[in-house]
Every structure is written in C-alpha cells, then in structure tokens.
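One letter stands for each residue in the lines below.
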Amino acid sequence: MFGHTLPHAGGLFTRLRIAQSYVEPLDYLITVACLGLSYLLHRLNTARPHVGVPPAYIVRSVTTHTRLLPVDAQHSFRYPVLSLLLPLSALEAGRLSLLCGFLFSYGSITWRVLGLRSAGYLYDDDGIEPSIRAKLVRALGDFGIKRVEERLDDAWVLTMPSYFGFEGINPLTVYFCYQKDEPGLWLSVLEVHNTFGERHLYILEVGTNEETPDIGFDHQWSFPRTFHVSPFNDRLGTYTVSLRAPSFTAPFPHVRVHLHTPTGAPKLTASLRGRSAAPLRTRTVLTALAKHPFILLSTLPRILRHAMALHYRRRLPVFRRPEPHPVRWVAAAYPVPAAKGGGVGWQRATLLERAARRVVYAHLNRRAPALGVCVELTAGDPSVPTVQFGVADAPRALRISHRSQNVYTLLVRGRADPGEFVISDEALFRDVFEEGWGGTARAALCSVLAVGGRVEELVWRVARVRWAELDMGRASSGPSRRYAPGAEC
C-alpha cells in the first residue's frame, strides 16, 4: 500500500514546490503595489500647494442656452460644464502641475489626463509662442490697449482643458485681467471659438462704455455682434454681456450674453454660471473626473445634436459663413468696430486656395521686378506674414489688403470683391494683373474653380428652394428667413 502512495505524494510535493516558486514573486509584487497605493493615498490626503502660489480652482458650472426667435423655433438646453480657473503666472511657471505633470500640466497635452497649451488660445500660430500671457499682451496691444506689459499684473483664465490629449472645441474662454497696484478688475477678454475653427476676441474694459449692471452682476457692456458663431444666425444685432468676476472668497464667475436683433428684440440668451469650486488638487481633480468621466468630451456631440434639432426639427435655415474681421486694420479698407476686438484665428487655406496662391506668387515674382514696382500682400489673419514682391523701395507700390486666403482664388478668376480685398492703386493693379496673366497654369485652375463654383451655387440654390418650401408650410413663421447673398456681411 505504501509503495503505491509514495510516488503520488512525491508528485504532490513537487507541484507544491513549483507553485511556491510562483507565489513568492507574486507576494512581492502585491506588497510593492500595496505600499505604492498607500503612499499615493497619503500624498492625496496630505498634498499642499506650493508656498506663495495663488490658488487655482476646478469649477463646476452650468451652461444654458435659450433661443427666443423665431417664436415657432424656440429651443433651450442646460448642461453641466467642468472648467479650470487658473492664474497665468502660476500656470506658466509650472507650479500647478499635478502628479509630476501626468494628471495636469501646462505646455503639452500628450500623455496627460488634463492639459493646457498656448497653441489652443488666442492667435493661431501653431504653438510658436509658448506663453499665453505673451499672446494676451500682444492681442491687447493690437486692439488698442496702451502700455499693456507694464500695466498687466496677472490674468485669471476660465477655460476647459484637454482630456487625454483630446483638445475639443472650447466655445468660450474668459480672461480676467488685473492691473498692478489696483485691487479691482481692469478688463475682461472673451475668446470665442466657433465650429469652423475660427477665433475672435471681445475686449471689455471696466469703466469704458459700461452700463449699469443687472442684479447679480458686477459689470455690463453692449456692443455690435461681429463674429459668426451659429450657422443659424446672421452676424447682425448686438450683444449685451453681463459679468461677475471671481474672487478668493467666491471663485464662481458668471457670464451672461443676450443677443438682440437690429430692432432691439431679444433673440437668444446664453450663460455660464459657476456653481461650486474646489482648489486644484490631485484629489479634487480625480473626484471630479470620477463623477463626470465624459464631460470634457461631450461639447462637440452636444453642439451637433442641437444643430440637427434646430435644422431638421425647428426647420431653421443655414447662413453662409462670413470671414472674420481682420486684425490689421488698413486705412479705408475696413471700418473700425465700435468695440475693441476682432479675429485672431482663421480657417486654414483649402487645397484650391493653396494652388491659387502658388499661381499668384509665381506671376508676381516675374511681373513685379519686370515693372520695377513693389507688390505687398497683407492678410487680415495675424498668423500670415506680409509678403512682398519686386523692388522693396520702388517709387510705385501696390498694396493689397485681404480678409482671407480666398483672395487668391478671386485673383485667379479675375474677380474684384471689395468685401474680400482692397487695393491701394487701381491703375497699377491693372498693370500687374494684365490680360492673360498666369498662362496655362492659371487657365487650368480657373476651369477647376469655375466647376467648383457652379457646384456650390447649385447646392445653395437647392437649399434656398427647400427653405422656401419650409417657410410656406409654417403659418406663423412671419417674414421669410431664406438665405440672401450678402446678408451676413
């Protein structure tokens, strides 16, 4: 009997020794993991801000939108929003980073849970300028604020960060700017982004063109609307912006915007109101993300959802997108707006616009030296450098100021649009772009552009017919809201 059981027992002992050889390293790994988790929890519970660093906050807000006109297309929604309220001085000094920059950091969004970088704000320069503060100082100076560098003490920015490297649409970023040796708010900058990839600034200075604020707000301004945000609104009308700045005791900023028609009727109201705020710490960030894991990814889906509802259910027509107002104001080219601000981010040039630009550049490289003149192209987009052709100090110079890259397709097609570009010398312009300029390259591209133009016009013609039918079927719609060329400008 024992002879039969001993081999079985020996095999059991062998298997136990083999299992023990695997269990011992696993015990070590579990022990190390538990110690690491204990240390992490200890850091979360005992983390303290850097000495002397201004507080920063993670703010839970609520955004509401209500469309009042047309009456039979009224629409509203309400959503929670997660934002960061940060002082630029501490942010750019790297003193707000969390978990060695993995949870939150400034300068990069790659391999970060939350992140901010300068490329996503103000001038669209592909991140050439790494400082948001430097871009803010430049923007304020470009739009008429004097001695910004010596006057600006710090600016608090209210914005939505990137999430796991995803930098979605940031509809509204607010900068609260403060002067040196002055306790109150100096000015506020509203940076508005639309779904077309464009950016616009509204600069609101305390004590300048300010109105008596409504109850619950500290400041209020009214000014013309100059940026195309929604495809279901033209660019006409006025904004009334009411603002409550954050404070150390109540870091809950509140921004409300009323849109009025040219006749003064209220058309739309939107607000962003802070409900609660917590100091920007590792624990508070993880808690907020655990409660709302997808909140920073839902902005674009929400926009698309309500756009479909407005167009297909409320039957609102779409307005063509006008180009932003240029930053580089040229004498007699564009009117100076009533409120400080303008475009700081344009759409990128399309494939056809880049092809047209190459044709125009090739022609000007030959034609300007041959005539002994200087041709200068100045874009409204501040990220596009001014380009010169020919002799720099020539006695005759042609300056072309243009809104967008569409100027090159207009030049190729031989069309002059005062709304898109202006010229300093009409006679010299005719000499530079003489009959038949550009040769076969221009002729081929012009044929392609003509086909594209006909297709675009056909699409808009079908759309206008459809909207006319929708308007006829709505008894209470009032005046027709069909697209009319030039209505946006």
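Above this text you will find the structure in question.
A brief report on the enclosed structure follows. Since the structure is predicted, the reported quantities are computational estimates derived from the model, not experimental observations. (Residues numbered from 1 in each chain as written. Predicted model: local features only at pLDDT ≥ 70, side-chain atom pairs only at ≥ 80, totals over all residues. Heavy atoms only, no water.)

## Some remarks on the overall build of the chain
The secondary structure content of the chain amounts to 10 helices and 18 strands. Burial status across the chain gives 45% buried among its 489 residues. Put simply, the chain shows about 25300 Å² of open surface, and 60% of that area lies on carbon and sulfur atoms. (Helix = DSSP H or I, 4+ residues; strand = E, 2+ residues; numbered from the N terminus. Buried < 20%, exposed > 50% of the residue type's maximum accessible area, 1.4 Å probe, protein only. Areas by Shrake-Rupley, 256 points an atom, 1.4 Å probe, with all protein chains shown as cover.)

## Some remarks on the pairing of strand β5 (residues 152-159)
Both faces of the sheet carry side chains from a regular strand, because those side chains alternate between them. The element β5 is largely enclosed, with a buried count of 7 among its 8 residues. Examined bridge by bridge, strand β2 (residues 75-87) and β5 share 4 bridges and lie antiparallel to one another. Paired with Leu85 across the strands is Leu158, a residue of β5. Bridge count between β5 and strand β7 (residues 172-179): 6 bridges; the pairing is antiparallel. Residue pairing in the sheet places Leu152 in a bridge with Gln179 of β7. (Pairing = 2+ DSSP bridges.)

## Some words on the sheet that holds strand β18 (residues 421-423)
A sheet is described by the order of its strands in space; here 4 strands give the open sequence β16-β15-β17-β18, paired in mixed fashion. Whereas interior strands pair on both sides, the edge strands pair on one side only; in this sheet they are β16 (387-390) and β18. Along the sheet, successive strands turn relative to each other by an average axial angle of 15°, direction set aside. Direction of pairing for strand β15 (residues 374-379) relative to β16: antiparallel, over a ladder of 4 bridges. Bridge assignment links Val375 to a residue of β16, and that residue is Phe389. Of the strands in this sheet, β15 and β16 touch helix α7 (residues 351-371), which is tilted by about 45° from β16. Relative to the sheet, helix α8 (residues 406-413) contacts β15, β17 (397-402) and β18, its axis offset from that of β18 by approximately 65°. (Axes fitted to C-alpha atoms, helices over the stretch in contact; angles between N-to-C directions. Contact = heavy atoms within 4.5 Å.)

## Remarks on unusual backbone geometry
With glycine set apart, most residues show a phi of negative sign, and most peptide bonds adopt trans. Leu69 connects to Pro70 through a cis peptide bond whose omega is -10°. Its location among the elements puts Pro70 in the loop between β1 (57-67) and β2. Here Cys100, not a glycine, exhibits a phi torsion of approximately 60°, which is positive. Along the chain, the position of Cys100 falls in the loop between α2 (88-92) and β3 (104-106). Looking at Cys100, the relative accessible area reads 88%, which means it is exposed. Positive phi values are uncommon outside glycine, yet Leu122 reaches one of about 55°.

## Concerning the side chain of Arg151
In this structure, Arg151 sits in helix α4 (residues 148-151). When residues no more than four places from it in sequence are discounted, the contact partners of Arg151 are Ile145, Lys146, Tyr178, Gln179, Lys180, Trp186 and Glu205.

## Regarding the pattern of salt bridges
Inspection of the entire model under this criterion finds 13 salt bridges. Here Asp142 ties to Arg138 by a salt bridge, and the two come within 3.6 Å at their closest N and O atoms. Residue Asp142 and its partner Arg138 are both found in helix α3 (residues 132-142); the two are separated by 4 residues, about one turn of the helix. Here Glu434 makes a salt bridge to Arg367, at a shortest N to O gap of 3.5 Å. Here Arg367 lies in helix α7 and Glu434 lies in the loop between α9 (426-432) and α10 (439-472), a separation of 67 residues in the sequence. Judged by relative accessible area, Glu434 falls into the partly exposed class, the value being 27%. Arg367 sits in the partly exposed class, given a relative accessible area of 23%. (Salt bridge = Lys/Arg side-chain N within 4 Å of Asp/Glu carboxyl O.)

## As for α8
An α-helix turns once per 3.6 residues; consequently, residues spaced three or four apart project the same way. A large share of α8 lies buried, amounting to 6 of its 8 residues. Within α8, the full set of buried residues consists of Val407, Tyr408, Thr409, Leu410, Leu411 and Val412.

## Re the sheet that holds strand β6 (residues 162-163)
Hydrogen bonds between backbone groups are what pair the strands of a sheet, and the pairing can be parallel or antiparallel. One open sheet holds the 3 strands; their spatial order is β3-β4-β6, and the pairing between them is mixed. The open sheet has two edge strands with one neighbour each: β3 and β6. With 3 bridges joining them, β3 and strand β4 (residues 114-116) adopt parallel strand pairing. Residue pairing in the sheet places Tyr106 in a bridge with Leu116 of β4.

Function cannot be read off these values alone, since they describe shape.
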